[in-house]
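Chain by chain, the residues:
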Amino acid sequence: MKRLITLVLLILMVSGGIYFSVSQLNKAQGITSDNTLSLYNWGDYIDPALITKFEKEAGYRVSYETFDSNEAMYTKIEQGGTTYDLAVPSEYMIQRMIKENLLVKLDHEKIAGMANLDEQFLNKAFDPENQYSIPYFWGTLGIIYNDKFIAEDAIQHWDDLWNPDLKNDVMLIDGAREIMGLSLNSLGHSLNSKDQTELEAAAEKLDGLTPNVKAIVADEIKMYMIQEESSVAVTFSGEAAEMLDGNDRLHYVIPSEGSNVWFDNFVIPKTAENLDAAYAFINFMLEPENAAQNAEYVGYSTPNKVAMELLPDEITEDEQFYPDSKTMENLEVYEDLGRKYIGIYNDFFLEFKMHRN
C-alpha cells in the first residue's frame, strides 16, 4: 500500500513538474492566455498575412488550429479538453451549440463593424439577432464540370448527374447532408426533410447513381478536377473557385431546383480564456479592407457589403459565386435535425457508400 501511495505521489510530482515546465516555457516565449488568441478554424480558411497583420496591430499572438468537419470541431469543444477563444462553425452546428449552452452570448457593444455586413446574412433562423455568431463567409453547394468532356450548359440540374453517359465519372463530396440533400432536392423535397418516405425515396434514388460515381472524397476533388481526372463533381462554391483558377475549362453551376446555401460564422466557445482578444479579432475581420483581402485569398463569398465594393468586378459580378436573388430564393440552410435524423441521414449515406463498393 505504501508503495502504491509513493507511486501516486511520484506521478503527481512528475505531472506537476511537466506542467510547470511547459508553463514556464510558454511564459519565456511570451505565450500566455492574456496575450494569445486561440483560433479554431477550417483548414486554409484565412489569409496568413492577415494573422500576421493582426498580431502586429493588436499586440496578440495567434495560436491557430484547424478542423476538417463541424462534427470534429463540436466534439473537441464539447469535451472541453482544449480552450479556444474563437471558432468558425456552420449554421446548423451553431444552432446545436446554442441549444447545448456551449457558446458565449455576444456583447454587441464590443463589436465594431456590424453595419458593414449585408442584412440578408444577419438575423438568420439558426441565430436570431446574431446573439451568438458573426458572419465570416458564405457559399453554396453545386456542380462543377469540364467543357472539354461535357457540352457547355449540358449540366444544369441534379438529375443530370444520373446521365448514363457519366458512368464512373462523377466525383462526390464526402458528406451525408450534402449527398442526401441533393437527392432530396432532385425529387422536389427539402434538404432538411424528416419525412421517412421522402428519405427512403432519396436513398433509393442515390443507389441508381452508383454506376456513375468514380469516388467519394474531400479536398482531393480540387486536384482531380484541375488535372482532368474526372469531368464532373459535386463541391462547394469556394472549392470550385479554386478549381476554376486552376483550369479555365471548368464551370460551376447551382441547380435551379434547389441546393444548400451555408454560412460559417465566428463564435466564442464557453471555455474561452481571452474574450478581449476574441472581440479584437472579430472587429479586425469586419474591417472592409481585411474582409476583401480574405475573400480574394480564400475564394468564398464575403457577407461584408463594404468589402464587396473593394473587390474586382469579375468576382462580385460572377453569379456562380454571388448568385442573384431568384437563385437565392431556392436555396436552403442546413438545419440542426437532431440526433435521431442525423443518424438516419448518416445511415442512408453509409449504405450508399457501401453499395458502390
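In case you missed it, the structure is sitting above this.
A few points on the structure. (Residues numbered from 1 in each chain as written. Predicted model: local features only at pLDDT ≥ 70, side-chain atom pairs only at ≥ 80, totals over all residues. Heavy atoms only, no water.)

1. Description of the overall build of the chain
Here is step 1 of the chain: Counting its regular elements, the chain contains 14 helices and 10 strands.
Here is step 2 of the chain: Compactness check: the chain gives a C-alpha radius of gyration of 23 Å against a globular reference of 21 Å for 357 residues, within 12% of the reference.
Here is step 3 of the chain: Projected onto its principal axes, the C-alpha positions of the chain cover 70 × 60 × 40 Å.
Here is step 4 of the chain: Going through the 357 residues of the chain one by one, you find that 49% of them count as buried.
Here is step 5 of the chain: A sequence separation of at least 24 residues applies to 75% of the contacts in the chain between residues at least 6 apart.
Here is step 6 of the chain: Carbon together with sulfur atoms contributes 50% to the accessible area of the chain, which is approximately 17,300 Å² in total.
Here is step 7 of the chain: When the 27 basic and 60 acidic side-chain charges of the chain are each reduced to a single mean position, those positions are 10 Å apart. (Helix = DSSP H or I, 4+ residues; strand = E, 2+ residues; numbered from the N terminus. Rg over C-alpha atoms; globule rule 2.2 N^0.38 Å. Buried < 20%, exposed > 50% of the residue type's maximum accessible area, 1.4 Å probe, protein only. Contact = heavy atoms within 4.5 Å. Areas by Shrake-Rupley, 256 points an atom, 1.4 Å probe, with all protein chains shown as cover. Lys, Arg positive; Asp, Glu negative; His and termini not counted. Charge placed at Lys NZ, Arg CZ, Asp CG, Glu CD.)

2. Description of a negative patch on the surface
Here is step 1 of the chain: A cluster of like negative charges, contributed by E200, E204, D207, D347 and E351, occupies part of the molecular surface.
Here is step 2 of the chain: The leading source of residues in the negative patch is helix α6 (residues 196-209), at 3 residues.
Here is step 3 of the chain: Positionally, E204 belongs in helix α6. (Patch = residues over 30% accessible without salt bridge, like charges linked within 9 Å, V, L, I, M, F, W, Y side chains within 5 Å. Salt bridge = Lys/Arg side-chain N within 4 Å of Asp/Glu carboxyl O.)

3. Side note on the pairing of strand β4 (residues 134-146)
On a regular strand, one side chain projects to one face of the sheet and the next to the other, so that they alternate.
Here is step 1 of the chain: Burial within β4 is extensive, with 13 of its 13 residues counted as buried.
Here is step 2 of the chain: Relative to strand β9 (residues 259-266), β4 is paired through 6 bridges, and the arrangement is antiparallel. Bridge assignment links F137 to a residue of β9, and that residue is D264.
Here is step 3 of the chain: For β4 and strand β7 (residues 232-236), the ladder comprises 5 bridges, and the chain directions are antiparallel. Opposite L141, over in β7, you have F236 as the bridge partner. (Pairing = 2+ DSSP bridges.)

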